[in-house]
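Structural characterization, general
Here is how the chains run, residue by residue.
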Amino acid sequence: MTATLYTGISQLVTPRPGPQRGRAMRELSVLTDAALLVCDGRIRWAGRRAEAPRAADEHDLGGVAVVPGLIDPHTHAVWAGDRLADFEARVEGVSYEEILARGGGIRSTMRATAAASEEELAALARPRLHALRDSGATTIEVKSGYGLDFGTERRMLEAARELGAEFALLPTLLIHVPPREGRAEYVRAVCEDLIPGVAREGLAQAADVFCEREAFSVAETRTILEAARAHGLATKLHADQFHTLGGVELACELGALSVDHLEASGPAQVAALAASSTVATVLPGVTLHLGLPTAPARALVDGGACVAVGTDLNPGSSPLFSAGLALALAVRLCGLTPAEALTACTVNAAAALGLGDRGALVPGARADFLTLHSADWRDLAYTLGANPVRGVYVGGHPIHPSKETPP
Ligand code: NIG
Ligand code: FE
């Protein structure tokens, strides 16, 4: 296959490959007047333009900054219905947890999702995934979790599988909220029926559990994740969103890929994450949309943890359709530096998904990269509202922006 040499790169910016913790999250390589050689969807060479190897095909990018494609390690992009009434009620003072306890919130999205076909779910999710990709996300995790019943859970994962032909998606089975009655039987059926089937059919790479007062206890979460692990699935948790129940400690003990949210985490959870390889994923869209305290991202980085950032795109707690904006908000709301935020959205987000082949612009990595509208990469973290991303390249190929916008 022909190699393409991309030139006209004012700054070629990359973190080191692999998960980065603590201070290393700030250590980006910024090469000026650079070039990138791509072959067979992978980076073959990256360095100064003056030292670039020759290539049959050359493409001048026009003097802009190039950064790795962003990786969104946490979305609930497949859903039906809307949460506009919840939004209005919350703004008027009803809390997210109260709405959920009354049978609304996540439970209302479950009812709407249960009524949708696989084709409808895929059609609803497609423009959301386009929006995420246009914002710079070249790999996107997608969770199930709005299935009242196992059939709906599988339909959600099948819709994600169908969309996997158009986007680089990583599907996760999310065990989100228990039924109001018969929760012990439900947990048993999840472990003995849903998880084995999903694992057997390769419908998900990982299992995730919402560990929270209005959802699953630590003991139930452990049971479910141990079953997932026994069936070869990686594990993730939603924990410490509202209450510090012990989900973070469980994630570290189980060697989960990531534990996400952490808005209620304190020094003990920061210390546990700093001492473990589990990635701490923070979700600034939730802080903005629900007005929750921010996760202690600054303390996590300073303590030496591996921190990632995700959009948590979902209709209830984070209608954030932009991975670039999640990065910019992580700087404003979570106190990360622009360099830390870029590392959090690239190599560390890849680690939160168990992926080691992307997130850094180094030889051998997937050629997933972004050109910006600016010659200075920091515009990616600086810009709010407009899209600082000019071009999205996946496997070395330019992806054309979509004209559709999500509903
Ligand atoms: O990550 N908190 C639990 N789950 C999702 C929200 C889902 C919803 O509100 O629909 C989250 O915030
Ligand atoms: Fe979530």
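Each remark here, short or long, concerns the structure printed above.
For every chain, the first residue of its written sequence is number 1, and the numbers climb from 1 along that sequence. Key to labels: chains lettered from A, ligands numbered from 1, both in the order written. The model is predicted, so local features are restricted to residues of pLDDT at least 70 and side-chain atom pairs to those at 80 or more, both for listing and for counting; the totals for chains, interfaces and linings are taken over all residues. Excluded from the side-chain calculation are hydrogens and water; included are all heavy atoms of the structure.

Looking only at helices and strands, one finds 15 helices and 15 strands in the protein chain. Atoms counted for the radius of gyration: C-alpha only. Globule rule: 2.2 Å times residue count to the power 0.38. Whereas a compact globule of 407 residues would reach a radius of gyration of roughly 22 Å, the protein chain reaches 20 Å, a difference of no more than 12%. With respect to the three principal axes, the spread of C-alpha positions in the protein chain is 70 × 45 × 45 Å. For every residue, the accessible area obtained with a 1.4 Å probe (protein chains only) is divided by the maximum for its type, and the residue is called buried under 20%, exposed over 50%, and partly exposed between those limits. Counting only residues that meet the buried cut, the protein chain has 61% of its 407 residues in that class. Whether two residues touch is decided by their heavy atoms; if any such pair falls within 4.5 Å, the residues are in contact. Sequence-distant contacts in the protein chain: of pairs separated by 6 or more residues, those separated by 24 or more amount to 74%. Note on areas: these come from Shrake-Rupley sampling with a 1.4 Å probe, and a residue is covered only by the protein chains present in the view. Only carbon and sulfur atoms are counted for the fraction: they give 53% of the accessible area of the protein chain, which is about 14,900 Å². Only four residue types enter the charge count: Lys and Arg as positive, Asp and Glu as negative, with His and the chain ends excluded. One atom stands in for each charge, and that atom is NZ of Lys, CZ of Arg, CG of Asp or CD of Glu. Of the side chains in the protein chain, 36 bear a positive and 47 a negative charge, and the two mean positions are spaced by 4 Å. Starting at the N terminus, helices and strands are each numbered in turn, a helix being any DSSP run of H or I of at least four residues and a strand any DSSP run of E of at least two.

Strand-to-strand pairing in sheets goes through backbone hydrogen bonds, with the strands running parallel or antiparallel. In this scheme, strands are said to pair when DSSP sees at least two bridges between them. Taken together, 8 strands build an open sheet; the order of strands is 5-6-7-8-9-10-11-12 and the sheet is parallel. This sheet does not close on itself; its edge strands, each paired only once, are strand 5 (70-72) and strand 12 (307-309). Sheet twist, expressed as the mean angle between neighbouring strand axes with direction ignored, is 25 degrees. The pairing of strand 5 with strand 6 (residues 137-143) spans 3 bridges and is parallel. Considered in strand 6, the bridge of Asp 72 is made with Ile 140. Across the sheet, helix 13 (residues 338-345) touches strand 5 and strand 12, and the angle it forms with strand 12 is around 80 degrees. Angular values range over 0 to 180 degrees, each being the angle between N-to-C directions of two axes fitted as lines to C-alpha atoms, with helices fitted over their stretch in contact.

Here we take up the coordination of the iron ion (ligand 2). Note on the iron ion (ligand 2): its protein donors are His 74 (NE2), His 76 (NE2), His 238 (NE2) and Asp 312 (OD). The metal-donor distances range over 2.0 to 2.4 Å. The donor set comprises N, O and S atoms within 2.8 Å of the metal, extended to 3.2 Å for Na, K and Ca; water molecules are omitted, so apparent gaps in a site may simply reflect that omission. In terms of primary sequence, the donors binding the iron ion (ligand 2) are separated according to H-x1-H-x161-H-x73-D. Within this pair, whereas His 74 is found in the loop between strand 5 and helix 1 (84-91), its partner His 238 is found in strand 9 (residues 234-239), the two being separated by 164 residues in sequence. Residue His 74 shares its accessibility class with His 238, and that shared class is buried.

One ladder, built from 6 bridges, connects strand 2 (residues 29-39) with strand 3 (residues 42-48); its direction is antiparallel. When the sheet's bridge partners are listed, Val 38 is paired in strand 3 with Ile 43. If you look at the hairpin formed by strand 2 and strand 3, you'll find 2 residues sitting between the two strands, and Asp 40 has a positive phi there, around 55 degrees.

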